[in-house]
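This is what each chain is made of:
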Amino acid sequence: MERNRVPVVVLVGQPNCGKSTLFNSIAGPKAETSNFPGTSIKHTHSRVNIEGRLLDVIDLPGTYSLCPSDPAERVALSHLFGEKPDVVVNVVDASILSRGLELATELNELGYPMVVALNMVDVAERKGIILDAPGLAARLGVPVVPTVAFHGRGVKELLDEVFRVLDRVQKPRPVAWSDDVEAKIGEVTALLPSEFPLVSNARFTAVKLLEAESMPCGEMLSEVDPGLKAGLDRVRKELEELRGAPVYEVIAAERHHLAMKIAEESSRLLHGKQTSWDTRLDSVLMHPVAGYLILAGVFFAFFLVIFKIGGPLESLLLGPFVRLKDVLLARWGPSLGFYLAEGLLQGIGGGVGIVLPYFVPLLFLMSALEDLGYLARAGFLLDAFLHRIGLHGKSVSPFILGFGCNVPAIVATRTLESRRDRVLTALLIPFIPCSARTTIILALVAFYLGPFWAFGFYVGNIFLIAFLGWLISLFLREPSPGLILEIPSLKPPSLKHVAQRTWLQLLAFIRFAWPLLIGGSFVLSLLSYFRADALINDILAPLVAKGLGLPHELGITLVFGFLRKELSLIMMLQALNVDYRSLLTVISREQIIVFTVFVSFFIPCLSTCAILWREIGKRWALVSVGLSVGVAIALSWLVRLIV
Amino acid sequence: MPEGSMTLIEAPPNSPLRIVGVEGGEAVRRRLFCLGFHKDDVVRVESRAPFRGPLLLWNATSGCRTALGRGVAAKVLVQTVDGEE
C-alpha cells in the first residue's frame, strides 16, 4: 500500500444487519452521501481520524449475496469488485447467524482482507443464542469482533482489528466445499486463459462463471472465447447430473450447508427461553385485526404530528419574511431593486418557511419507522391491497417515501426485483401528494375549507392511485413475481441514527431544490416587473380561464409549478398580488379546489420527470407526463362540475 | 411433487414443516435461497394476512421471519414434521 493514500474500508452486510448504525457510530456526524457514478443510488462515506490514522469508510447498500437480484445490489457489488477496498468489514446479524454467514463465506471466497463485525449480539442473547466469537474466527479464517452498534459497543475493538488487518495485508482463504464440487471448480479454474479478467482471484471468478448461467455475460463469453464457453457448459452439465439440480442451486446449497455447519459449531441455543418483548409485540402488530387498526393509527398519528409541528412552525418562520418585504416596499417603492429583493425573499422564505416545517418531521418519522422495522410490517399488512392494483407489499416503502418527496421514492423502487413492478410503482408515485403538494393542500384546502376537506382530498387521492394502478396493470401483462420480504426483528430506533439520516436527506434536498426555488422566484419577479407574465397568461388562457374557470393571472403559476410544486403557492399569491390571509377576496372556494386539484396532478415536477427518465426510461417518463396531464384535466373538470 | 408433500398455502398453521422442494423460475428460487429458504429447512406458518394476503413464515433453521405472497408460497413444497422443530 502506498504511504500517502488513505486506506478504504467498506462495510458490507445483508439488509437489516445494523450496518448503517455501525457506520454512524464509526463515522459520526461528518458523513456525506454521494451517488455511485452514473447512477442515483446513494452510498454514505466519511473520512475518519482514529487516533491519528485516517480511514475512508464507505457504507454500501445492503445485499443478501454477491449474486445481485435488484439494481441497488448490482451497483453496490460492481463498486466492491471494481474499487477493491483495502479492508472489507462484513457486518453479520448475530441473531440470524447462519444466514449472515452465507454472505460471509462468499466474501471469504472473494478474498479481500476482511474483518467480521458480529453485530447485535444483544438481540442474539435475548433469543437465547450463545456465541463463540474466537471459534467463529478460527473457522472462517478472519478476525471476528462482537459488536452492539446501537450502543457503540465493540466499535473500538473493531477498528483496532481493521488496522491490524491493514498492517498485515492478510487475505482470507476460502473454506472448502464438498470435494466433488471443488473438483469441478478446479476444472473451470484450469480452463481460464491467462489473460482472462479475473474478479479478485481465479476460484471466485470460476464460481461466478458457473453460477451466472442465464446472465448476459454468458452469451458474451461464447463470442469472445468459444472454447471456454464450451468447457464451462460441459462442467456445468456434469455438475448438474452429479447433483440433480441446476448449478446455481448446487452452489447456493454448498454455501448454505457450510454456513450452517460453521454457525452450529460456533453458537449454542439455550432452550426454555421465555418469549421476549419483541415477539409479543410482533404478534399484535401483525394481527389480522389489531394490526390494521394499529397501521391506521400509525398513519394518522404520522400525519397529525407532521401537521401539528409544521403548521405553527410555518407561520413562525414565514412572519419575518412578510414583514421584511413590507419594510422594503415602503422604503424602495415598486423599483427594480425591490422586485429583485422580493424574488430573493420569496424564494428563501418558500424554502425555509413552507417546505422545511413539513418536510423535516416527515423525514424524521419515516426514518424512525424504518429503523424500528415497521415499514416491512406495513408491507406485510398492505400486500393484499396492493395485489389488487397489480403490485405487492414491497412497494409500500417507496409509496410512503413519496409523501415526503417523489424523487427519492422513485429511486427507492430499485429495491423491487422485477422491472414490471418498478415501472408500475414509479408511474404511480407522481400521484402521491409529496410534502410540497401537501403544503398546498394544507395551505389552500385545509386553511380555507377546513380539515375534513383536506382529509377527503387525501382519501380521494389514494382511491385515484388505486384506480390508476388497476388501469395501468391491465396494460402490463407480465405477472408480478409476488412478495418475498424479510421481516426484520423489531429494534428501538436510535435517535442519533435517525437524526443523522434526516440531516443527510435534508442536505441533499436543500442543495438540489433551493437554487431552483430562489431562481424561480427571481424569474417570476422579473417577469412581473417587465410585465412579461401577461404574455404567458394570454397563451395559457384557453386552459386556465376557459377550461378551468380560474383567474387569468394564474397561468404563470402552472409554468413554475413544473419547476417545483411548492413554488405554486408562492407564485399564486404573487400572481394574484395578495397576501395569504386575504386570498378569498380575489378567488372563490370552488376555484381554490379546482386550482389545488389541477396543480397537484398536472405534471410531475422537473426533478421527478428527470428521475423518472433516468430510472425507467424516456418512454415511461413521457407516459407519466401524459398520464398526469390527462388526469389533472379530467379531474379538474369533474370537480368543477360537482362543486 | 414428492409424495406426501403440499404447498405452503395448503400447510396447516403453526406446525413444523420441512421444505422438500422449491419450484418456479430461477429468479424467484435464487431470491428464496438468498433470504434463507433452502431445501430441508424447517419452517412454520405463523399467520396469514386476511384478504388473501401473504403468509408470515418463521424459518427455524435460519432463525428469520419472512413474508411470502401467495403466488410465491404456492411454489414452496413442504411436508409435515413429527416431533420437535
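Figured I'd write up the structure that's included with this text. (Residues numbered from 1 in each chain as written. Chains lettered and ligands numbered in written order. Predicted model: local features only at pLDDT ≥ 70, side-chain atom pairs only at ≥ 80, totals over all residues. Heavy atoms only, no water.)

## Comments concerning the overall build of chain A
At step 1: Of the regular secondary structure elements, chain A holds 27 helices and ten strands.
At step 2: For a compact globule of 643 residues, the expected C-alpha radius of gyration is about 26 Å, and chain A comes in at 28 Å, within 12% of that figure.
At step 3: Oriented by its inertia axes, the alpha-carbon framework of chain A measures out at about 85 × 55 × 50 Å.
At step 4: Across the 643 residues in chain A, those meeting the buried criterion constitute 57%.
At step 5: When contacts within chain A are restricted to residue pairs at least 6 apart in sequence, those whose partners lie at least 24 apart make up 75%.
At step 6: Only carbon and sulfur atoms are counted for the fraction: they give 65% of the accessible area of chain A, which is about 27,400 Å².
At step 7: Charge separation in chain A, taken as the distance between the mean sites of 59 positive and 57 negative side-chain charges, equals 6 Å. (Helix = DSSP H or I, 4+ residues; strand = E, 2+ residues; numbered from the N terminus. Rg over C-alpha atoms; globule rule 2.2 N^0.38 Å. Buried < 20%, exposed > 50% of the residue type's maximum accessible area, 1.4 Å probe, protein only. Contact = heavy atoms within 4.5 Å. Areas by Shrake-Rupley, 256 points an atom, 1.4 Å probe, with all protein chains shown as cover. Lys, Arg positive; Asp, Glu negative; His and termini not counted. Charge placed at Lys NZ, Arg CZ, Asp CG, Glu CD.)

## Overview of the overall build of chain B
At step 1: For chain B, the count of helices and strands is two helices and six strands.
At step 2: For chain B, the sequential pattern of α-helices and β-strands runs β-β-α-β-β-β-α-β.
At step 3: Relative to the globule expectation of 12 Å for 85 residues, the C-alpha radius of gyration of chain B, 12 Å, shows essentially globular dimensions.
At step 4: If you line up chain B on its principal axes, its C-alpha atoms span 35 × 30 × 25 Å.
At step 5: Residue burial in chain B is summarised as follows: out of 85 residues, 59% are buried.
At step 6: The long-range fraction of contacts in chain B, counting pairs at least 24 apart against all pairs at least 6 apart in sequence, stands at 57%.
At step 7: Element-wise, carbon and sulfur atoms account for 50% of the exposed surface of chain B, whose accessible area totals about 3,400 Å².
At step 8: Treating the 11 positive side-chain charges of chain B as one cloud and the 10 negative ones as another, the clouds have centres 9 Å apart.

## Details of the interface of chain A and chain B
At step 1: At the junction of the two partners, chain A supplies 41 residues and chain B supplies 31 residues.
At step 2: Ranking the residues of chain A by area buried against chain B places Tyr-248, Phe-380 and Ile-484 of chain A at the top, with a combined share of 22%.
At step 3: Counting across the chain A and chain B interface gives two salt bridges.
At step 4: For Glu-249 of chain A, the salt bridge goes to Arg-29 of chain B, with nearest N and O atoms at 2.5 Å. (Buried area = accessible area lost by both parts, 1.4 Å probe. Salt bridge = Lys/Arg side-chain N within 4 Å of Asp/Glu carboxyl O.)

## Points about the packing of helix α26 (residues 606–616) of chain A against helix α27 (residues 618–642) of chain A
Residues and elements named next belong to chain A.
At step 1: Close contact between α26 and α27 brings their axes to 7 Å; oriented N to C, the two are set at 140°. Between α26 and α27 the crossing geometry is right-handed. When α26 is examined against α27, the residues Cys-609, Leu-612, Trp-613 and Ile-616 are found in contact with a partner set consisting of Lys-618, Trp-620, Ala-621, Ser-624 and Val-625. (Axes fitted to C-alpha atoms, helices over the stretch in contact; angles between N-to-C directions. Left-handed = near helix turned anticlockwise from the far one by under 90°.)

## Describing a nonpolar patch on the surface
At step 1: There is a patch of nonpolar side chains on the surface, built from Phe-467, Trp-470, Leu-471, Leu-474 and Phe-475 of chain A and spanning about 540 Å² of accessible area.
At step 2: With respect to the helices, strands and loops of the structure, Phe-475 of chain A is situated in helix α20 (residues 451–475). (Patch = residues over 30% accessible without salt bridge, like charges linked within 9 Å, V, L, I, M, F, W, Y side chains within 5 Å.)

## Structural notes on unusual backbone geometry
Residues and elements named next belong to chain A.
At step 1: Positive phi, close to 65°, is recorded for Asn-16, a residue that is not glycine.
At step 2: With respect to the helices and strands, Asn-16 occurs in the loop between β1 (8–13) and α1 (19–27).
At step 3: On the accessibility criterion, Asn-16 (34% relative accessible area) is partly exposed.

## Topic: the sheet that holds strand β1 (residues 6–7) of chain B
At step 1: Strand order across the open sheet formed by seven strands is β10(A)-β5(B)-β4(B)-β3(B)-β2(B)-β6(B)-β1(B), with antiparallel pairing between neighbours. The two strands at the open ends of the sheet, each matched to only one other strand, are β10 (484–487) of chain A together with β1 of chain B.
At step 2: The sheet contact formed by β1 of chain B and strand β6 (residues 76–80) of chain B spans two bridges and is antiparallel. Residue Met-6 of chain B lies in a different strand from β6 of chain B, and its bridge partner there is Val-78 of chain B.
At step 3: Helix α15 (residues 374–388) of chain A rests against β10 of chain A together with β3 (42–48), β4 (55–59) and β5 (64–68) of chain B of the sheet, and its axis sits at about 135° to β10 of chain A. (Pairing = 2+ DSSP bridges.)

## Comments concerning helix α8 (residues 202–211) of chain A
Residue and element names in this part refer to chain A.
At step 1: With nine of ten residues buried, α8 lies mostly within the body of the structure.
At step 2: If you check which residues of α8 are buried, you get Arg-203, Phe-204, Thr-205, Ala-206, Val-207, Lys-208, Leu-209, Leu-210 and Glu-211.
At step 3: The N-cap residue of α8 is Asn-201: its side-chain oxygen and the backbone nitrogen of Arg-203 are 3.2 Å apart. (Polar contact = N/O pair within 3.5 Å; in protein donor to acceptor, adjacent residues only side chain to side chain.)

## Quick notes on helix α3 (residues 97–110) of chain A
At step 1: With 14 residues, α3 of chain A extends 20 Å between its outermost C-alpha atoms, agreeing within 8% with the 20 Å of an ideal straight helix rising 1.5 Å per residue.
At step 2: Downstream of α3 of chain A by one or two residues, Gly-111 of chain A has phi in the positive range, about 85°. (Expected span 1.5 Å × (residues − 1).)

## Description of the pattern of salt bridges
Side chains bearing opposite charge may pair, as long as their charged atoms lie close to each other.
At step 1: Under the criterion given, the structure shown has 34 salt bridges over all chains.
At step 2: Residue Arg-236 of chain A pairs with Asp-233 of chain A through a salt bridge whose shortest N-O separation is 3.2 Å. With Arg-236 of chain A and Asp-233 of chain A both in helix α10 (residues 226–243) and three residues apart, this pair spans about one turn of that helix.
At step 3: Owing to a relative accessible area of 31%, Asp-233 of chain A belongs among the partly exposed residues under this scheme.
At step 4: Between Arg-44 of chain B and Glu-46 of chain B there is a salt bridge, with its nearest N and O atoms 3.4 Å apart.
At step 5: One network of salt bridges, with partners in common, ties together Glu-106, Glu-109, Glu-182, Arg-203, Lys-208, Glu-211 and Arg-255 of chain A.

## A look at the state of the cysteines
At step 1: Scanning the entire structure with this criterion turns up zero disulfides over all chains.
At step 2: Looking at the unpaired Cys-17 of chain A, the closest cysteine sulfur is the one in Cys-64 of chain B, lying at 13 Å.
At step 3: According to the relative accessible area criterion, Cys-17 of chain A is buried, its value standing at 2%. (Disulfide = S-S within 2.5 Å.)

## Considering the packing of aromatic side chains
Aromatic rings considered in pairs are described by the distance between their centres and by the relative angle of their planes.
Residue and element names in this part refer to chain A.
At step 1: Tallied over the full model, the rule gives 13 aromatic pairs over all chains.
At step 2: Pairing Phe-81 with Phe-204 gives two aromatic rings, centres 5.8 Å apart and planes at 65°, and the pair type is edge-to-face. With Phe-81 in helix α2 (residues 71–83) and Phe-204 in helix α8, this residue pair connects regions lying 123 residues apart in the sequence.
At step 3: By relative accessible area, which is 22% here, Phe-81 ends up partly exposed. (Phe/Tyr/Trp six-rings, centres within 6.5 Å; stacked < 30°, edge-to-face > 60°.)

## Here's the deal with the side chain of Arg-414 of chain A
At step 1: Tracing the chain through its elements places Arg-414 of chain A in the loop between α17 (406–412) and α18 (419–428).
At step 2: Side-chain polar atoms of Arg-414 of chain A contact the side chain of Glu-615 of chain A, separated by 2.7 Å.

## Some thoughts on the packing of α3 of chain A against helix α11 (residues 247–266) of chain A
Residue and element names in this part refer to chain A.
At step 1: At their nearest, the axes of α3 and α11 sit 8 Å apart, and the two run at 115° to each other. The interaxial crossing formed by α3 with α11 has right-handed handedness. Facing Leu-97, Ser-98, Leu-101, Glu-102, Thr-105, Glu-106 and Glu-109 of α3, the residues of α11 in contact are Arg-255, His-256, Leu-258, Ala-259, Met-260, Ile-262 and Ala-263.
At step 2: Split by residue class, the contact of α3 with α11 holds seven nonpolar, three polar and four charged. (Nonpolar A, V, L, I, M, F, W, Y, C, P; charged D, E, K, R; others polar.)

## Side note on the pairing of β6 of chain B
At step 1: Here strand β2 (residues 17–22) of chain B pairs with β6 of chain B via five bridges, running antiparallel. Residue pairing in the sheet places Gly-21 of chain B in a bridge with Leu-77 of chain B of β6 of chain B.

## A short note on the environment of Pro-113 of chain A
All names here are of chain A.
At step 1: Examined against the element boundaries, Pro-113 turns out to sit in the loop between α3 and β6 (114–119).
At step 2: In this structure the C-alpha to C-alpha distance between Pro-113 and Leu-166, which are 53 residues apart in sequence, comes to 7.7 Å.
At step 3: Apart from residues no more than four positions distant in its own chain, Pro-113 is found in contact with Asp-86, Val-87, Val-88, Val-165, Gln-170, Lys-171 and Pro-172.

## With respect to the side chain of Ser-62 of chain B
At step 1: Assignment of secondary structure puts Ser-62 of chain B in the loop between β4 and β5.
At step 2: Judged by relative accessible area, Ser-62 of chain B falls into the buried class, the value being 4%.
At step 3: Contacts of Ser-62 of chain B, omitting those with residues within four sequence positions, involve Ile-96, Ser-98 and Arg-99 of chain A together with Gly-36 of chain B.

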